[in-house]
Amino acid sequence: MDQTVGKQTAVKTDAPLSEGEKNAIIGGVLLSMLLAALDQTIVAPAMPTMARLLGHAEYLPWIVTGYLLTATAVAPLYGKISDVHGRRPTIYAAILIFLAGSLVSAMAPNMLVLIVGRAIQGAGGGGLFALAQTVIGDLVPPRERARYTAWISGTWAVASIAGPLLGGTFAEHLHWSLIFWINIPLGLVAMAMINKPLKKLPIAAKHHRIDGLGALLLVAATALLLLALNWGGSEYPWLSREILGLLACSTVIWSFFALRLLRAAEPLVSLEVLGNPIVLAGTLSMFLLQAANIGLAVYLPVYLQSILGLSASASGTAMLGLMLGTVAGATLSGRTIQRFVHYKRIAMIGVTFAILCLGVLSLVAGHASLLIVEILTTCVGLGSGTTFPVATVSVQNAVDQAHLGVATGVLTFLRSLGSALGVAILGAVALGYGLPLASEGVQATGAAVETAAFVMIFLTAAAMLLMALVALGLMPEKPLRGHPEAPVLAD
């Protein structure tokens, strides 16, 4: 199923990109990424309205799961395609697929069509996550790239805050379909912004093949694994035949995918990239960090409601500390990374600080005030956020330009997979303690049981961060490529 791509030659341009053109491209890809990130957060407040109007409320979780499955599975594939065909046609294809999914979702007459539309959206949105970082990698040398990574974290923060507000407003006061209609003009604006300047980006790859069979195996293995993680402990018990069967099938297909990587003339993910110790350690640290961060973001509101007695809206506001702390940490790291020779120490110090704060939070979980919780969670975000620029820039700096898309796609894939795994693991801890996750069930268990459950949730998240710290410690440091005159000010 290998599809051979003809010889590609790098595009030669007499006039280099101006700063204005670079900013236009970065603004356009970040707007594209915002669309994809927003559609992970904007639907939640409108889901009850969708269920009431479209029926079949039992399939409601698939509105989120359908998007997650396709978005995670396709990320490495987009990286490879963009290395072969160039960034501009690939990012255009991702935006158009996303907009097509938005159109299907907005016009959905029933729940099934809406779920199909969401899956199509994810197939485009997963590419936008990877391609945004890849295009920035094309434009900016690694030494200066970290500060743009902070912009990506800021994009996620905007989506996390604006998504629920817009979703609730549209569903309550206007119409739920506006959640998807709004993507059309924004997507067209993004395409217009990047159209002309992206033509000047060269195609770095030559004589490349797209491994179709490898892509199918990766999508299938990932989809089965994410289904098991999403259904385990909720739809079916973790040790049920259904979950064990999904995990077994996923393991078998992953084995075939690994065999394909060894035998394919040009595998979907280059063995040269996978065998790079910086790529391995950097992507593993991002995987573990995201597992802790997203898992904590999902269960922290439950803690705020059940232990501190906050309302649903108040707990959402209280989450701003964790989110804004993460952005601040990423911004701080991004602005200082070029000043250090041993730049990974920034992330190691930050993650260590986050681990200590989670440890303190676990000690005071049963009697902490809202102010203390806000301070600690903000510090957790501040510490963990420092890793995003370091891991991203380290991985991109470790590979040549021809493999930049593949390496970034693998990083994005493991980051998304870590999100799903973190929610599943912390969910298993919560269910193991009999913790009710619905607000109406908060009073069903004793305060001591609830406190013990959240202590274990915080400690489990800290353990994930500790493993991320170990991965960072094992990651070799390679001097960041940059302009010859770029200063190095500290050791």
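Residues numbered from 1 in each chain as written. Predicted model: local features only at pLDDT ≥ 70, side-chain atom pairs only at ≥ 80, totals over all residues. Heavy atoms only, no water.

Comments concerning the overall build of the protein chain
Formally: What counts as a helix is a DSSP run of H or I of at least four residues, what counts as a strand is a run of E of at least two, and both are numbered from the N terminus. Throughout, exposure labels follow a simple rule: accessible area from a 1.4 Å probe, protein chains only, divided by the maximum for the residue type, with under 20% read as buried, over 50% as exposed, and the rest as partly exposed. Here, residues are in contact when the closest pair of their heavy atoms is within 4.5 Å. Accessible surface area values rest on a Shrake-Rupley calculation with a 1.4 Å probe, where residue burial reflects the displayed protein chains alone.
Within the protein chain one finds 19 helices and two strands. Of all 491 residues assigned to the protein chain, the portion counted as buried reaches 54%. Considering only contacts within the protein chain whose residues lie at least 6 apart along the sequence, 85% involve residues at least 24 apart. In the form shown here, the protein chain has an accessible surface area of approximately 19700 Å², with 69% of it arising from carbon and sulfur atoms.

Considerations on the confidence of the model for the protein chain
Here is the rule: Think of pLDDT as the predictor's per-residue confidence, scored from 0 to 100.
For the protein chain, mean pLDDT is 77; residues scoring 70 or higher make up 80% of the total. Mean pLDDT across the elements of the protein chain ranges from a minimum in strand E1 (residues 2-4), with 44, to a maximum in helix H15 (residues 344-363), with 92. When the criterion is pLDDT under 50, residues 437-445 qualifies, and its contacts beyond four places in sequence or with other chains add up to 11 contacts. Low pLDDT (under 50) marks residues 483-491, which in the prediction has 17 contacts with non-local residues, meaning those over four places away or in another chain.

Topic: the packing of H15 against helix H16 (residues 370-385)
Stated formally: Lines are fitted to the C-alpha atoms to define the axes, a helix being fitted only along its stretch in contact, and any angle between axes, read from their N-to-C directions, falls within 0 to 180 degrees. Each angle is binned into one of four classes, with values under 35 degrees roughly parallel, values over 145 roughly antiparallel, values of 65 to 115 roughly perpendicular, and all other values oblique. Take the far helix as your reference; a near helix turned counterclockwise from it by less than a right angle gives a left-handed crossing, and one turned clockwise gives a right-handed crossing. The nonpolar class holds Ala, Val, Leu, Ile, Met, Phe, Trp, Tyr, Cys and Pro. Asp, Glu, Lys and Arg form the charged class, and all remaining residues, Gly among them, are polar.
Close contact between H15 and H16 brings their axes to 7 Å; oriented N to C, the two are set at 155°. Here H16 runs roughly antiparallel to H15, going by the angle between their axes. In the crossing of H15 with H16, the sense of the turn from one axis to the other is left-handed. Contact with H15, carried on its side by Gly350, Val351, Phe353, Ala354, Cys357, Leu358, Val360 and Leu361, involves Val373, Leu376, Thr377, Cys379, Val380, Gly383 and Ser384 of H16 and no other residues of that element. Within the contact of H15 with H16, the residues separate by chemical class into 11 nonpolar, four polar and no charged.

Regarding a nonpolar patch on the surface
Note the cut-off: Like charges within 9 Å and nonpolar side chains (Val, Leu, Ile, Met, Phe, Trp, Tyr) within 5 Å are joined into patches, using only residues over 30% in relative accessible area that form no salt bridge. Every case where a carboxyl oxygen of Asp or Glu lies within 4 Å of a side-chain nitrogen of Lys or Arg is listed as a salt bridge.
Among the surface-exposed residues, Leu103, Met107, Leu174, Leu178 and Trp181 lie close enough to one another that they form a single nonpolar patch of about 470 Å² accessible area. Tracing the sequence through the fold places Leu178 in helix H7 (residues 178-181). Assessed through its relative accessible area of 30%, Leu178 is described here as partly exposed.

Examining the packing of aromatic side chains
What counts, and what does not: Under the pairing criterion, centres of Phe, Tyr and Trp rings, with the six-membered ring standing for Trp, must be within 6.5 Å; the plane angle then separates stacked pairs below 30 degrees from edge-to-face pairs above 60, leaving the rest tilted.
Throughout the structure, instances matching the rule amount to four aromatic pairs. Ring geometry for Trp254 and Phe257: centres 5.9 Å apart, planes at 75°, overall edge-to-face. Residue Trp254 and its partner Phe257 are located together in helix H10 (residues 241-263), separated by three residues, close to a single helical turn. Of the residues examined, Phe257 reaches a relative accessible area of 7% and is grouped as buried. Members of the aromatic cluster, joined through ring pairs, are Tyr303, Phe454 and Phe458.

Side note on the side chain of Gln290
With respect to the helices and strands, Gln290 occurs in helix H12 (residues 277-306). The class for Gln290 is buried, based on a relative accessible area of 8%. Ignoring any residue separated from it by four or fewer positions in sequence, one finds Gln290 in contact with Gly295, Phe388, Arg415, Gly418 and Ser419.

Structural notes on the layout of surface pockets
Going by this rule: In this analysis a 1.4 Å probe is tested at points of a 1 Å grid over the protein atoms alone, and where it fits but cannot get out there is a cavity; an open set with protein on both sides within 12 Å along at least five of seven lines is a pocket; lining residues have an atom within 4 Å of a point. Grid points are joined across faces, edges and corners, and a volume is the space filled by probe spheres set on the points.
In this structure, the second largest pocket occupies an estimated 280 Å³ of space. In terms of lining, the second largest pocket is formed by 15 residues, of which the most central are Trp254, Leu274, Val410, Phe413 and Leu414. A breakdown of the residues in the lining of the second largest pocket according to their chemical character gives 14 nonpolar, one polar and no charged.

Description of helix H3 (residues 62-85)
Condition: Each helix should span, by expectation, one fewer than its residue count multiplied by 1.5 Å. Axes are fitted to the seven residues ending at a residue and to the seven starting at it; the angle between these axes is taken as the bend at that residue.
An ideal rise of 1.5 Å per residue puts 34 Å on 24 residues; H3 measures up with 33 Å between its terminal C-alpha atoms. Approximately 40° is the largest bend angle found in H3, and it occurs at Ala75, with the proline Pro76 only one to four residues beyond. With respect to burial, H3 is a largely interior element, 18 of its 24 residues being buried. Phi for Gly86, located one or two positions after H3, is positive at around 100°.

A few points about the state of the cysteines
Which entries qualify depends on this criterion: To count as a disulfide, a pair of cysteine sulfur atoms needs to be within 2.5 Å.
With the rule as written, the count across this model stands at zero disulfides. Considering cysteine sulfurs only, Cys379 is the nearest to Cys357, which forms no disulfide, with 4.5 Å between them.

Some details on the environment of Arg335
Tracing the backbone through its elements, the reader meets Arg335 in helix H14 (residues 320-336). Spatially, the C-alpha atoms of Arg335 and Pro389 are 9.4 Å apart, while their sequence positions differ by 54 residues.

Points about the nonpolar core
Selection rule: Residues belong to one nonpolar core when they are buried, are Ala, Val, Leu, Ile, Met, Phe, Trp, Tyr or Cys, and are joined through side-chain atoms within 4.5 Å.
If you look at the biggest cluster of nonpolar residues, it comprises 84 residues, and the most contacted ones within it are Tyr303, Leu358, Ile457, Phe458 and Leu465. With 15 residues, H12 is the single largest residue contributor to this core. Discounting residues that sit within four places of it in the chain, Phe458 has contacts with Leu296, Leu300, Tyr303, Leu358, Leu361, Ser362 and Ala365. Membership of the second largest hydrophobic core comes to 48 residues, among which are Leu99, Ile115, Ile179 and Phe180.

Topic: H16
Helix length check: H16 (16 residues) gives 22 Å between terminal C-alpha atoms against 22 Å at 1.5 Å per residue, within 8%. Within the span of H16, buried status applies to Val373, Leu376, Thr377, Cys379, Val380, Gly381, Gly383, Ser384 and Gly385. In this fold, the buried residues of H16 make contact with H12, H14, H15 and helix H17 (387-397).

Observations concerning the packing of H12 against H16
Axis separation between H12 and H16 bottoms out at 12 Å; the angle between their running directions is 165°. Accordingly, the angle class assigned to the pair H12 and H16 is roughly antiparallel. Crossing of H12 against H16: the hand is left-handed. When H12 is examined against H16, the residues Leu289, Asn293, Leu296, Leu300, Tyr303 and Leu304 are found in contact with a partner set consisting of Leu370, Val373, Thr377, Val380 and Ser384.

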